Amino acid sequence: MTTTLRPAAPEEPLPGGGRTRHYHVCANGRPIGTLRLSAHATGPRPTGEIAGLEITEGRRRGRGTVAVLAAEEVLRGWGCTRVDATVPEDAAEALRLAAALGYQERMRSMAKRLPTGPPQLPAGLVERPIDAAAFPDWIAVQEQGYAQSLVDSGLSPEHARRKSAADHQALLPDGVDSPDTALRFLAPADPPEAPPLGSLWVQLRGRSLPGGGRLAWVLSVEVAEGSRGHGYGRALMLLAERCCLAVGVHDLGLNVFAGNEVARGLYTSLGYRTLDRTLGKALL
């Protein structure tokens, strides 16, 4: 039995010159599943994405494997040199398939249902807004750090730099006045002019949740060099919870890059659980 992909809808453009299209997974011409392919134009060569793969008939017959391999061929034809796929944590079979095909974890998403009452910051610590004067230096550090994380997860330096700049511009179009955004410094209470111990960036109203409500997202939490190892990362995460609860948001999520075992251990200890994993591989 031959497994192939067949377009299920017209190709659609993505911002920046990318493209996306839905496909049927077919066995001898008969639809037995679906998937969506995208090419994101975030650098000199686009990055591919496989999403929504579902085999609805005849599972465990290798059809998912053939569908992924066929999808990779389509993405190569679109000029992609790497591909990512996001797999839910409870999809054990899909995770095994990805590993068998050479996909490696780049990052994982974690989330937590927040308590009713806002947590208290540790004694001697206060929050301060990141104002317009501090924003340029802060955003430069954020872009550089994010780009390096992308390089560490497999992207080229140039691709990572472009993606970092584009992502930050999209998420903070109006700087410190960007809507539904909390930008905070964590600082000593005394003296008031003491330099920050760390910084926090939270998108307060992210994607909708089943049954109502919104999932806020931690986009950056960073402890200043020289201040690490003193519990300030935990304090920043408590500050993130305070920012969310202040606007009535009770669910908070974040991404953590593969290899950052210290951060993942902190988030797990605070009650965060893995939602899904983003896996990637080079398209040779």
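Further up the page is the structure itself.
Here is what the cut-offs are and how they apply
- The written sequence of each chain sets the order in which its residues are numbered from 1.
- Only residues with pLDDT of at least 70 are given local features in this predicted model, and only at 80 or more are side-chain atom pairs given and counted; all residues enter the totals for whole chains, interfaces and linings.
- Excluded from the side-chain calculations are hydrogens and water; all other atoms, namely the structure's heavy atoms, are used.
- We count a stretch as a helix when DSSP gives it H or I for four or more residues in a row; a strand needs E for two or more, and each element gets its number in order from the N terminus.
- A 3.5 Å cut-off defines polar contacts: any pair of N or O atoms within that distance qualifies, except that in protein one atom must be a possible hydrogen donor and the other a possible acceptor, and neighbouring residues in sequence count only when both atoms are side-chain atoms.
- In this analysis, two residues are considered to be in contact whenever any of their non-hydrogen atoms come within 4.5 Å of each other.
- Paired rings are identified among Phe, Tyr and Trp, the last through its six-membered ring, by centres lying within 6.5 Å, and are further divided according to the angle between planes into stacked (under 30 degrees), edge-to-face (over 60) and tilted (the rest).
- Each residue gets one of three labels from its accessible area relative to the maximum for its type: buried under 20%, exposed over 50%, partly exposed in between, using a 1.4 Å probe on protein chains only.

> Got a sec to walk through unusual backbone geometry? Specific residues and values, please.
Geometrically, the link from Asp190 to Pro191 is a cis peptide bond, its omega value of 0° lying close to zero. Of note, Pro191 is situated in the loop between strand 9 (181-188) and strand 10 (198-203). One non-glycine residue, Asn28, lies in the positive phi region at around 55°. Within the fold, Asn28 resides in the loop between strand 3 (18-27) and strand 4 (30-40). A positive phi angle, close to 55°, is found at Asp180, a residue other than glycine. The residue Asp180 is located in the loop between helix 4 (157-171) and strand 9 in this model.

> Residues and numbers for the side chain of Thr278, please.
The topology assignment puts Thr278 in strand 13 (residues 273-282). There is a polar contact of 3.3 Å between the side chain of Thr278 and the side chain of Thr86. Non-local contacts of Thr278, meaning those with residues more than four positions away in its chain, are made with Asp84, Ala85, Thr86, Gln104, Glu105, Arg106 and Met107.

> I'd like a rundown of the packing of aromatic side chains, residues and numbers included.
Under the definition given, this model contains 4 aromatic pairs. Taking the centre distance of 5.8 Å and the plane angle of 40° together, the rings of Phe135 and Trp138 count as tilted. Note that Phe135 and Trp138 are positioned in helix 3 (residues 135-152) at a spacing of 3 residues, about one turn of the helix. A ring pair is formed by Trp138 and Trp201, whose centres lie 5.7 Å apart and whose planes are at 75°; its orientation type is edge-to-face. Placement of Trp138 in helix 3 and of Trp201 in strand 10 is noted, with a sequence separation of 63 residues between them. Trp201 carries the same exposure label as Trp138, and that label is buried. Linked through ring pairs, Phe135, Trp138 and Trp201 together constitute an aromatic cluster.

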